[in-house]
Structure formats: structure tokens, C-alpha cells
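Residues per chain are reported as follows:
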Amino acid sequence: MTELENTIDNGVNVDALIGARAALTDAPDAAQFQWRATCEWKGGTHSLSTVHGFSGLGDEHQHKTTFCFDADHPEVFASEDHGATPVEFVLVGLVSCLTGGIATIAQYRKIQLRSVIATVEGNMNLQGILGIDSKVRNGFNGIKVTYKIDADASEDDIRALVAQSQKRSAVYDMLTSPTNVTVIVE
Amino acid sequence: MQTTTTIVIGAGHAGLAMSKCLTDCSIEHIVLERGKVAHTWRTERWDSLTLLTPNWQSRLPGYGYQGDDPDGYRSLPETIAFIERYASLIAAPVQTHTNVNSVKKSEHGYLVSTDKGDWQCRSVVLASGACNLPNIPKFADDLPSTVRTLTPATYRNPEQLKKGGVLVVGAAATGIQLAQEIHLSGRPVTLSIGEHTRAPRVYRGRDIQWWLDAVGLHDERYNKVDDIVRARGVPSFQLIGTPDRETIDLNSLRKMGVKHIGPFVGINNGIGQFAGSLHNKCDLADLKMNRLLKAIDAWIAENHLEDDVEPSHRFPPTEVDSSPPLSIDFQTGEINTVLWATGFRPDYSWLHVPVFNHKGQIRHDGGIVDSPGLYLMGMQFLRRRKSALLDGAGDDARELSEHMLSYLAD
């Protein structure tokens, strides 16, 4: 078993995460994090968002670099298509959260991953955001994620990885349960 | 002021098992009981309740099942009678109708104040039960006043309920049993399903509880599991004890017309909000059940018992609608009752000893509380997976009474 443990490497430092879990169990205040982004309108439906700082563990932190994200709408919406649409960012958020979770849980369960590929589809009825039918919601009426995973594990163990990742995913939680959103103007 | 060596609070099966072990250790004690023996069973359980474990699986210290139906499941009156007989058989020193108002540290132990006077003692056993207060989410207050709410402690039978739809929240043993009973009474049930633990009543010809016992899972120790905090919070198996040993699960409920919906997460302007995570809740439970069945299969193979039992098989996966509903409008009157089968927690409002963590739970190591001379009994996975069962109190009581004996000798 020891030999096996040494050879499993999905590139996730599970020991550090287990340490953090233990530390944050006894220090609930340090577990309070805040994630932030800024967004600036560029013209038309094009905006540029940046992500840099966040807080947690009782301190301020910065990403190694500032990450920038152009968002726009495609030409079929008579936009200039400078970037992904905001709803596509939501899909990216979900599937990257689940995929990171799968790698972490696989490392913890000593499962070597060889490849993990997901496709995510969000279905939407435009009659909602265009105000054509007030009974149609603005957002997705459903999201479907499909994983193809190659790993040293049984089919059930792979399914269990994907199920556990959903159970522990922040974005999955935000999309499946309501979140209070407050928007103010200064 | 009266004095004794040890006071046991609560004369349910856990308190009585401890009393028997204390008697065996010649530790002078008294068992204080707010009502009669088995008070919670008499006053806070529904009429049709049967135990989830078979009759034989109730091995208390110096007592066990003696009837001719070892594989049956006790009814509520039979359970009360069983515990009553145990109390009288072991001649437990129970003082009934005595309510404990407070427990405090004193110079040589503890001061226990009751409505029948005060006691001074060296040690105290908390056996007042794991299920005193219902776990109801705060947003329950936002339900429209036209909706009546109940808990399994106040529910008795479907006739209590108005005609019309019922939302049962929670799909552990209690939730699915009551969903079935209420739905069969002609009140259409919607079942809100969170994390749950699926298990067949019978596998390969034997009761699932027989397998848990034989394979050793019931005896798994609290300090040997990966995450004891999580293990102590796992919902009870979806089981029911009926004469024909039927399996009750989400598929059987769906077949009879019970609607399934995800976890109840909030109420906004009279509209209940339910999480879109039902598929994953069911996947997790199916996968977990199959891991259990695989462990049983492995044990059978290891012990070369294949010829003695039925062949290995798997149960159909839980059927889930492709798009389960995400809301219920409580203002339409279609659903006029909500039954919170969302679990219980103990009430320690009378325990004035600094032993609580930041979540209000008692700090303890397998029932040895973080205050010398104070012990805990009858809680989920206290020392073993079976700790909260009738069958689990004995081993815990034996070990904790031995610990107490050496503590008292110091």
C-alpha cells in the first residue's frame, strides 16, 4: 500500500488541505473568506473583469497575477463577440469547480487519474431575458455535465468521485440552492 | 440534600444498561427519570412505530429477547414493555417523575438539582437521550400560517392531519416511513430528500442488521473511523420493520405516487425553495449502498458461506425525474401540512458544566466527557456504530462503568 501511495500523483497537495481542515475546525473565524472581482464596461455589451485580491485566514491575499476576463455576446445577438457570454462563465465556473474537486478527492482516495474531460451544457429559453413570456425564467432551465474519466479505479469508484465532488462543490451549491444577491449603487 | 456515588439521568435502555453495569461494579447509584421508565417511547413516538432492528438484536446486559419471533420487529407497546421488564428484572434504582433542573460542578463531584430535591454525587451519567429537540431550520417560521407543522415527536397517526397534501421533509427511516403511511391514508405526499442512507431490509436472504452485526460493522469503534464527526451525523438507514420484511425506499414510494423533491432550502414570499441537487443525493446513496453490499459479499466469500446464502445481486438504481420541481407554492393550499422529519438533537439546557464546544455539543472521548466523573450514553456512534441501538448500550455501559470504577478509586 505504501508503495502505491507514493506513486499516486494528481498534483494535489492533499496533506495541506487536510491540515487546513483540521486548523479551520478549531478556528471558525479564519474560515471566513471573501472572493472579489471588478468589472468595467468597455462599450456595447463588452466588459472587462479582473480578479486579483481576496481575503481569508484572517488576512488579505493576492493571486500571483491579475487575471482578466472579457465578456460580451456573440454576433447573433448583434454584439461584437469580444469574449465569452456571462452565462458561459457560469458554466466554466461550475465545471472547473467540479473538475478540481474530482482531482482532489481522487488524490485523497489514492486514485490515479489519467484523463478527465467534461462537457457542460446549459439550456436557456431566450423568451425569458427578452421579456416575451414572464413565465419563462431568465436563467438556465437546466444544466447537464458529462464526464469522461480515465483512472485506475472501478466504474463505481469513479462515479463516487464525481458524486462526492458535487457534494463538496461551492459552485454546484450556488447553482442548486438560492443565494441572496444584493446590488447597490454608490 | 441527599448523597449517592453516581446519578444516572434518564431511564431509557441506555440509562438502565448503565445501571445494571454499575450494580455489577457495586457502585451505589440512582437513576432519575422525568416520567416513567421509557418515557420518550411512551410520549414522543408515533402509533405505528416498529423498531428497525430485529427482536434478537436487543442484547442488554443480563437480558435479551426470549420470545418465539427472533426475526420480527417490536411494536411501540412491545418496546415499552421490553424496557419496563428490563428495569424490573435488574431491579434498577429508578426514581420516576423527577425532573432534573440543573447539574453543576461541586467540590467533590456534582450537584444535581431536581424538582424533588437536591443530590450530591461523585459522578453523573447523561443518558437523557439523543432526540430531545427537533432540528427544524430557521426558515420554517416563514411558512404561511395556514400551513400546520408537525415533528415526529408530535405526530401520532394520519388522522391527526387535515385532508390535503403533506410535505414530509427528510428521507431517513422516519421520513420515508411516515411518507408512506400518510400517503396511504389518502393525503398526497411530497417528500423532500436530502442526504440519505439507502439499504435493503433483506440481502442474500438475511436481515441487513444481521449482516451489519456479522460483518462487524456494528462493532466498528469510534476511534477507528475516518471522520467520526461525520459518522455521528449519518442519517439512519431507510428501513421499516414489517412482518413480511418489506424494503421501503424512494423507488417503492415513487411507485405508490409519492412525489420526490430536493432538499428544502428556503422560503420566499410563501414559496418554498428546493435545491436542484436531488440527482446527486440519490447517486451518493445508491453508491454507498452498493459499497455496503460489496463489503457483505466480500465477507461471505472470505468465510466461504456462498452455499449457505442466496446469490449476490444489486438493486435497481433510484429513479429520479429528469427535472424535479424546485419550488412549492404554500399559498395555494394544495399542501397544508409540513412534517419535519429532519432529525433531533439532545437538550442540555440544564447542564451547567463547561463541556460544550462552539457548536453546543458535549466534548467527550467515546462517552468520557471532558469533565472528570461525567459520562455520556446512548448517542449515535458514541463508542461503536451500534451505540444508539438497544443492542449497542451494553458494550458501552460495560466499558464506561469500568472507567468510572477506576476514576472513583483514585
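Everything quoted here is computed from the prediction, not taken from an experiment.

Tallying secondary structure elements over chain B gives nine helices and 26 strands in all. Relative to a compact globule of 410 residues, whose C-alpha radius of gyration would be 22 Å, chain B shows 22 Å and is just as compact. The dimensions of chain B, computed from C-alpha atoms along their principal axes, are 65 × 60 × 40 Å. In chain B, which comprises 410 residues, the proportion classed as buried is 53%. Taking all contacts inside chain B whose residues are at least 6 apart in sequence as the whole, residues at least 24 apart take part in 70%. Counting only carbon and sulfur atoms, one obtains 51% of the accessible surface of chain B, whose full area is about 17,700 Å².

Taken together, the contact between chain A and chain B spans 16 residues of the former and 17 residues of the latter. Counting the surface lost from both chain A and chain B, the interface buries some 1,300 Å², and carbon and sulfur atoms represent 50% of this. Counting the surface chain A buries against chain B, the share from its top three residues, K167, T176 and P178 of chain A, is 33%. Across the contact surface, chain A and chain B share two salt bridges. Two residues, D227 of chain B and R21 of chain A, come together in a salt bridge whose shortest N-O distance is 2.9 Å. Put simply, chain A and chain B have six residue pairs in polar contact (both at pLDDT 80 or more) between them. Contributing elements (two or more residues each) for the side of chain A that touches chain B: α2 (14-26), α4 (155-167) and α5 (170-176) of chain A. When residues of the side of chain A that touches chain B are assigned to their parent elements, the largest contribution, seven residues, is made by α4 of chain A. Its residues placed into classes, the side of chain A that touches chain B shows six nonpolar, five polar and five charged.

Our focus in this paragraph is the packing of helix α5 (residues 208-215) of chain B against helix α8 (residues 278-302) of chain B. Residues and elements named next belong to chain B. With their axes 11 Å apart at the nearest point, α5 and α8 run at an angle of 60° to one another. Here α5 lies oblique to α8, going by the angle between them. Of the two possible hands of crossing, α5 and α8 adopt the one that is left-handed. Contacts between α5 and α8 involve I208, W211, L212, A214 and V215 from the first element and L292, I296, W299 and I300 from the second.

For the rest of this paragraph, the subject is the sheet that holds strand β21 (residues 335-340) of chain B. Residue and element names in this part refer to chain B. On the basis of which strands lie adjacent, the open sheet formed by five strands has the order β10-β21-β11-β12-β17 and parallel pairing. A strand with exactly one partner marks an edge of an open sheet, and here the two such strands are β10 (148-150) and β17 (259-261). Neighbour to neighbour, the strand axes of the sheet diverge by 20° on average, direction disregarded. Strands β11 (165-169), β12 (189-192) and β21 of the sheet are contacted by helix α4 (residues 173-184), whose axis makes an angle of about 170° with β12.

What follows deals with the side chain of S123 of chain B. Residues and elements named next belong to chain B. Along the polypeptide, S123 turns up in strand β8 (residues 123-126). A distance of 2.7 Å separates polar atoms of two side chains, one belonging to S123 and the other to T6. S123 has contacts with T5, T6, I7, Y110, G373, M404 and L408, leaving out every residue within four places of it along the chain.

Taken together, the side chains of F33, W35 and L57 of chain A present a nonpolar region at the surface, about 350 Å² in accessible area. With respect to the secondary-structure elements, F33 of chain A resides in the loop between α2 and β1 (34-35).

In an α-helix, one turn spans 3.6 residues; hence positions three or four apart end up facing the same way. For α2 of chain A, with 13 residues, the first-to-last C-alpha span of 19 Å sits near the 18 Å given by 1.5 Å per residue. The N-capping residue of α2 of chain A, defined by a side-chain oxygen 3.4 Å from the backbone nitrogen of D15 of chain A, is N13 of chain A.

Before going further, it helps to spend a moment on the domain arrangement of chain A. All names here are of chain A. We note that the domain assignment places domain 1 (1-31 + 85-186) and domain 2 (32-84) within chain A. In this structure, domain 1 and domain 2 have C-alpha centres spaced 20 Å apart. Counting residues at the interface gives ten residues for domain 1, matched by 14 residues for domain 2. Carbon and sulfur atoms supply 71% of the area buried between domain 1 and domain 2, which totals about 780 Å² over both sides. Three residues stand out in domain 1 for area buried against domain 2, namely A30, T85 and F89, and they jointly supply 53% of the buried area on that side.

The next subject is the pattern of salt bridges. In the structure shown here, the tally under the stated rule is 29 salt bridges over all chains. One salt bridge in this structure joins E155 of chain A and R159 of chain A, with 2.9 Å as the shortest N-O distance. Of this pair, E155 of chain A and R159 of chain A both sit in helix α4, separated by four residues, roughly a single helical turn. The residue K20 of chain B makes a salt bridge to D24 of chain B at a minimum N-O spacing of 3.0 Å. Here K20 of chain B and its partner D24 of chain B are both found in helix α1 (residues 13-24), four residues apart, which amounts to about one turn of the helix.

Our focus in this paragraph is the side chain of H39 of chain B. Residue and element names in this part refer to chain B. The residue H39 is located in helix α2 (residues 39-43) in this model. The class for H39 is buried, based on a relative accessible area of 19%. The contacts of H39, once residues within four sequence positions are left out, are E33 and R34.

Below, the discussion takes up the packing of aromatic side chains. Residue and element names in this part refer to chain B. Applying the stated criterion across every chain, the model contains 15 aromatic pairs over all chains. An aromatic cluster of three or more residues is present, and its members are F139, F264, F274, F330 and W340. Across the ring face of W41, the terminal group of R45 is positioned such that the distance to the ring centre comes to 5.4 Å. Seen from the ring of F82, R74 lies directly overhead, with NZ or CZ sitting 4.0 Å from the centre.

What counts as what
Residues numbered from 1 in each chain as written. Chains lettered and ligands numbered in written order. Predicted model: local features only at pLDDT ≥ 70, side-chain atom pairs only at ≥ 80, totals over all residues. Heavy atoms only, no water. Helix = DSSP H or I, 4+ residues; strand = E, 2+ residues; numbered from the N terminus. Rg over C-alpha atoms; globule rule 2.2 N^0.38 Å. Buried < 20%, exposed > 50% of the residue type's maximum accessible area, 1.4 Å probe, protein only. Contact = heavy atoms within 4.5 Å. Areas by Shrake-Rupley, 256 points an atom, 1.4 Å probe, with all protein chains shown as cover. Buried area = accessible area lost by both parts, 1.4 Å probe. Salt bridge = Lys/Arg side-chain N within 4 Å of Asp/Glu carboxyl O. Polar contact = N/O pair within 3.5 Å; in protein donor to acceptor, adjacent residues only side chain to side chain. Nonpolar A, V, L, I, M, F, W, Y, C, P; charged D, E, K, R; others polar. Axes fitted to C-alpha atoms, helices over the stretch in contact; angles between N-to-C directions. Parallel < 35°, antiparallel > 145°, perpendicular 65-115°, else oblique. Left-handed = near helix turned anticlockwise from the far one by under 90°. Pairing = 2+ DSSP bridges. Patch = residues over 30% accessible without salt bridge, like charges linked within 9 Å, V, L, I, M, F, W, Y side chains within 5 Å. Expected span 1.5 Å × (residues − 1). Domains from an automatic or database assignment. Phe/Tyr/Trp six-rings, centres within 6.5 Å; stacked < 30°, edge-to-face > 60°. Lys NZ or Arg CZ within 6 Å of the ring centre and 35° of its normal.

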